[in-house]
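Inside the fold
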Amino acid sequence: MLGSAAEGVKDVRVALPLENAFAGEQDERYELRPEDLLAADRAARERRMDLIGIYHSHPDCDAYFSETDLKNSCPWYSFLVLSIRYGFYHHAIAGCRIWS
């Protein structure tokens with residue numbers, strides 16, 4: 001997610017899709033390649049924005065922070081997980097500083 005952050009408020013302006021780099025079943029896990037995250041950061045700076053968060057979807061199940069999400073989270077990004085049911089948005093969960 002690209003946008004701006006000021007005074008504790010984040011404003012998402014662009015949802016930049018990145019490829020799921022997970023080698024297994026695509027609906028089991030979402031992984032980012034470090035070079036894709038760096039490219040997203042460059043794209044944000046080129047647009048005079050910041051990389052402020054990461055989103056992904058859970059197809060045909062609830063939105064929740066998985067063990068992988070918690071393990072790979074970074075405190076400076078916001079995280080958004082979308083529940084997609086039958087191809088349509090159902091609900092979402094958002095968090096910041098979800099690491100433990």
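Residues numbered from 1 in each chain as written. Predicted model: local features only at pLDDT ≥ 70, side-chain atom pairs only at ≥ 80, totals over all residues. Heavy atoms only, no water.

This part is about the environment of His91. Structurally, the position occupied by His91 is in strand β6 (residues 88-96). By relative accessible area, which is 24% here, His91 ends up partly exposed. For the pair His91 and Ala40, spaced 51 residues apart in the sequence, the C-alpha separation amounts to 25 Å. Setting aside anything within four residues of it in sequence, one finds His91 in contact with Asp62, Ala63, Val81, Leu82 and Ser83. (Helix = DSSP H or I, 4+ residues; strand = E, 2+ residues; numbered from the N terminus. Buried < 20%, exposed > 50% of the residue type's maximum accessible area, 1.4 Å probe, protein only. Contact = heavy atoms within 4.5 Å.)

Among the secondary structure elements, His90 is positioned in strand β6. In the structure, His90 is positioned 65 residues away from Glu25 in sequence and 22 Å away in space, judged by C-alpha atoms. In this structure, His90 is in contact with Ser83 and Arg85, ignoring residues within four places of it in sequence. There is a polar contact of 2.7 Å between the side chain of His90 and the side chain of His91. (Polar contact = N/O pair within 3.5 Å; in protein donor to acceptor, adjacent residues only side chain to side chain.)

What follows deals with the pairing of strand β4 (residues 53-59). The sheet contact formed by β4 and strand β5 (residues 78-85) spans seven bridges and is parallel. Considered in β5, the bridge of Pro59 is made with Ile84. In the classification by handedness, the crossover that spans β4, the intervening helix α2 (residues 67-72) and the parallel β5 is right-handed. (Pairing = 2+ DSSP bridges. Right-handed = clockwise from strand over helix to strand, strands pointing away.)

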